[in-house]
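Residue-level listing of the chains:
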Amino acid sequence: EIEAKYTKKMQVLRDELDLRRKTEIHEVEERKNNHISELMRNHEKAFNDIKNYYNDITLKNLALISLLKEQMEEMKKKENQLEKEKADLLLQNKQLKETLQQAQEQVFELQKKLAHYDKDKEALTNTKAHLKVTQKELKDLQWEHEVLEQRFSKVQAERDELYQKFTKAIKEVQQKTGFKNLLLERKLKGLLSVLEKKEVELSEVFAASNLDASALSLVSHKLEDVLNSKNTTIKDLQFQLARVCKAHNDILQTFEAKLTAFGIPLDNLGFKPLAIPVPGQ
């Protein structure tokens, strides 16, 4: 009974699966046929479009060929007409050449008959007047040249004097800046060494004295206040040092700009600008 029951179920399942397979095959064939039909329509439309496009091109080319033939025939007519006009113009040119040659011979005869005295006299008068004007211009230019030479000498003297003044001022500023930087650096080193000594002494005091936690905290706070004050002093000194170096570099840049403006090479400067110290060093 169980075998018969499951055989019947297997048969029903096979029938259902077979029906489903046939249905799916039918749907796939329908989609395939629809796709083939759509492709054929698209290909036919594309073929018609291409056919129409090339037909239009062919018609346009035929129209253009006809138009070019007409233009060519018209150009040939114009060419024949221009050839006739050219022959007429050559004939007229030949006649005009003969007339011109006769006129030139007449002019040559008239030029021979013309007196040269008045012409030479007028040319001499014009030359004398031009010579006077040229001499006056030469005197004016000589006077302007002398004035320019004097001004050039004066400018050179002012340039040399300004160069000497700038060189002297830069050397003085460099000496003062170097001396002040040296003092600030020594002062900073002294403060740092004192700070190190104080820290060592304070460590020794803490190690030697058996202070309680509250007293030790009070002393630590006071020590931090003192250290903050010293750090502020160090930062102020570093700021003063950086400001002095910046002032020196600004003066040096101004001096280099003046040297460039007066055409003096920068290789003759003789020293380099001070570097601005980095904060914390």
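Per an unreviewed UniProt entry, the protein goes by Dynein regulatory complex subunit 4 and derives from Jacana jacana. In its Sequence similarities (unreviewed entry) section, the UniProt record describing the protein reads: "Belongs to the DRC4 family."

Draft legend 1. Layout of the overall build of the protein. When helices and strands are counted, the protein shows three helices and zero strands. Tracing the protein from N to C terminus, the helices and strands come up as α-α-α. Within the span of the protein, comprising 281 residues, buried residues form 8% of the whole. Accessible surface computed for the protein: about 25,200 Å², of which carbon and sulfur atoms make up 58%.

Draft legend 2. Highlighting a negative patch on the surface. Residues E24, E27, E29 and E30 make up a contiguous surface patch of negative charge. Its place among the elements puts E24 in helix 1 (residues 2-113). Take E24: its relative accessible area is 45%, and that puts it in the partly exposed class.

Draft legend 3. Broad picture of the pattern of salt bridges. All told, the structure shown has six salt bridges when counted by the stated rule. Residues D18 and K22 are paired through a salt bridge, measuring 3.4 Å at the closest nitrogen-oxygen approach. Here the residue D18 and the residue K22 both occupy positions in helix 1, the gap between them amounting to four residues, near one helical turn. Judged by relative accessible area, D18 falls into the partly exposed class, the value being 26%.

Draft legend 4. Up close: the nonpolar core. Listed in full, the six residues of the largest apolar core are L184, L188, I234, L237, L241 and C245. Those elements giving two or more residues to this core turn out to be helix 2 (117-208) and helix 3 (213-261). Looking at this core, the element that brings in the most residues is helix 3, giving four residues. Residues contacting L184, with those up to four places away along its chain left out, are L237, Q240 and L241.

Draft legend 5. The packing of aromatic side chains, seen in detail. According to the stated counting rule, one finds one aromatic pair in the structure shown. Aromatic pair Y53 and Y54: ring centres 5.3 Å apart, planes at 75°, arrangement edge-to-face. Across the ring face of Y6, the terminal group of K9 is positioned such that the distance to the ring centre comes to 5.0 Å.

Draft legend 6. Spotlight on the confidence of the model for the protein. Residue-level pLDDT values for the protein average 79, and 81% of them are 70 or greater. When the elements of the protein are averaged for pLDDT, helix 3 gives the smallest value, 74, and helix 1 the largest, 91.

Draft legend 7. Broad picture of a nonpolar patch on the surface. A contiguous nonpolar patch, built from M10, L13 and L17 and spanning about 270 Å² of accessible area, is present on the exposed surface. Tracing the backbone through its elements, the reader meets M10 in helix 1.

Definitions and limits used
Residue numbers run consecutively from 1 along every chain, following the written order of its sequence. Only residues with pLDDT of at least 70 get local features here, since the model is predicted, and only at 80 or more are side-chain atom pairs given and counted; chain-wide, interface and lining totals rely on the full set of residues. Heavy atoms from the whole structure form the basis of all side-chain values; hydrogens and water molecules are not counted. UniProt positions are given in the numbering used here, feature names are shortened, and annotations may be inferred rather than shown by experiment. Secondary structure elements are defined from DSSP: runs of H or I of at least 4 residues count as helices, runs of E of at least 2 residues count as strands, and each element is numbered from the N terminus. Exposed residues in this analysis have more than 50% of their type's maximum accessible area, buried residues have under 20%, and partly exposed residues fall in between, with area computed by a 1.4 Å probe over protein chains only. Note on areas: Shrake-Rupley with a 1.4 Å probe; residue coverage comes only from the protein chains shown. Surface patches are drawn from residues lacking salt bridges whose relative accessible area is over 30%; two like charges belong together within 9 Å, two nonpolar side chains (Val, Leu, Ile, Met, Phe, Trp, Tyr) within 5 Å. Think of a salt bridge as a Lys or Arg side-chain nitrogen and an Asp or Glu carboxyl oxygen that are within 4 Å of each other. Here Asp and Glu are counted as negative and Lys and Arg as positive; His is not counted, and neither are the chain ends. We put the charge of a Lys on NZ, of an Arg on CZ, of an Asp on CG and of a Glu on CD. Nonpolar cores are built from buried Ala, Val, Leu, Ile, Met, Phe, Trp, Tyr and Cys residues. Side-chain atoms within 4.5 Å join them into one set. Every residue pair with non-hydrogen atoms within 4.5 Å of one another is taken to be in contact. Working definition: a ring pair exists when centres of Phe, Tyr or Trp rings (six-membered ring for Trp) sit within 6.5 Å. Plane angles under 30 degrees give stacked, over 60 give edge-to-face, the rest tilted. By the criterion adopted, a ring carries a charge over it if an Arg CZ or a Lys NZ lies within 6 Å of its centre and within 35 degrees of its normal. Confidence scores labelled pLDDT are given residue by residue by the predictor and lie between 0 and 100.

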